[in-house]
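Letter by letter, the chains look like this.
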Amino acid sequence: GNLKERIVSTNQINVSDTKGKTIKTEILNVVENTANPNLVRRNIITKGAVVETKLGRVRVTSRPGQEGSINGILLTK
């Protein structure tokens, strides 16, 4: 009975830092994807992918094809 919202394309991600502050920022590029290296070439974002943003590198924690939004955690350098 639940509805699934899928994202076809977007350039925004909700980023949480280690202090718990959440900021919406722009996605620049997909850097790495452990699910399949070919997804990086096609810039497809799945859960666990690492994307480059204006704030730095972010690991995606949501499932964009299932939840309808992209959330991630800022990686420390």
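Reference entry: report on the structure contained in this document. (Residues numbered from 1 in each chain as written. Predicted model: local features only at pLDDT ≥ 70, side-chain atom pairs only at ≥ 80, totals over all residues. Heavy atoms only, no water.)

**Re the overall build of the chain**
Cut-off, in case you're wondering: We count a stretch as a helix when DSSP gives it H or I for four or more residues in a row; a strand needs E for two or more, and each element gets its number in order from the N terminus. Radius of gyration means the value over C-alpha atoms here, while the globule rule gives 2.2 Å times the residue count to the 0.38 power. Every residue pair with non-hydrogen atoms within 4.5 Å of one another is taken to be in contact.
Per the secondary structure count, the chain includes two helices and five strands. Reading the secondary structure of the chain in the N-to-C direction produces β-β-α-β-β-α-β. Against the compact-globule benchmark of 11 Å for 77 residues, the chain has a radius of gyration of 12 Å, which places it among compact chains. The dimensions of the chain, computed from C-alpha atoms along their principal axes, are 40 × 30 × 20 Å. Considering only contacts in the chain between residues 6 or more positions apart, those separated by 24 or more positions represent 37%.

**Observations concerning the nonpolar core**
The condition that has to hold: What is meant by a nonpolar core is a set of buried Ala, Val, Leu, Ile, Met, Phe, Trp, Tyr and Cys residues, joined one to another through side-chain atoms within 4.5 Å. Only protein chains enter the accessibility calculation, which uses a 1.4 Å probe; a residue whose area is less than 20% of its type maximum is buried, one above 50% is exposed, and one in between is partly exposed.
In this structure, Ile13, Val15, Ile27, Val30, Ile45, Ala49, Val51, Val58, Val60 and Ile70 together form the largest nonpolar core, which totals ten residues. Mapped onto this core, the elements with two or more residues apiece are strand S1 (12-16), strand S2 (22-32) and strand S4 (57-60).

**Section: the pairing of strand S5 (residues 71-74)**
Inclusion rule: Here, strands pair whenever DSSP counts at least two bridges between them.
For S1 and S5, the ladder comprises three bridges, and the chain directions are parallel. When the sheet's bridge partners are listed, Asn14 is paired in S5 with Asn71. Here three bridges tie S4 to S5, and the two strands are oriented antiparallel to one another. Bridging across to S5, Arg59 finds its partner in Ile73.

**Some details on the pattern of salt bridges**
Where we set the bar: A side-chain nitrogen of Lys or Arg and a carboxyl oxygen of Asp or Glu constitute a salt bridge if their distance falls within 4 Å.
Applying the stated rule across the entire model yields two salt bridges. A salt bridge links Glu26 to Lys54, with the shortest nitrogen-to-oxygen separation between them at 3.3 Å. Of the two residues, Glu26 is situated in strand S2 and Lys54 in the loop between strand S3 (50-53) and S4; the sequence distance between them amounts to 28 residues. On the basis of relative accessibility, which here comes to 29%, the residue Glu26 falls in the partly exposed class. According to the relative accessible area criterion, Lys54 is exposed, its value standing at 59%. Residue Arg57 pairs with Glu52 through a salt bridge whose shortest N-O separation is 3.4 Å. Assessed through its relative accessible area of 42%, Arg57 is described here as partly exposed. The exposure class of Glu52 is partly exposed, given its relative accessible area of 25%.

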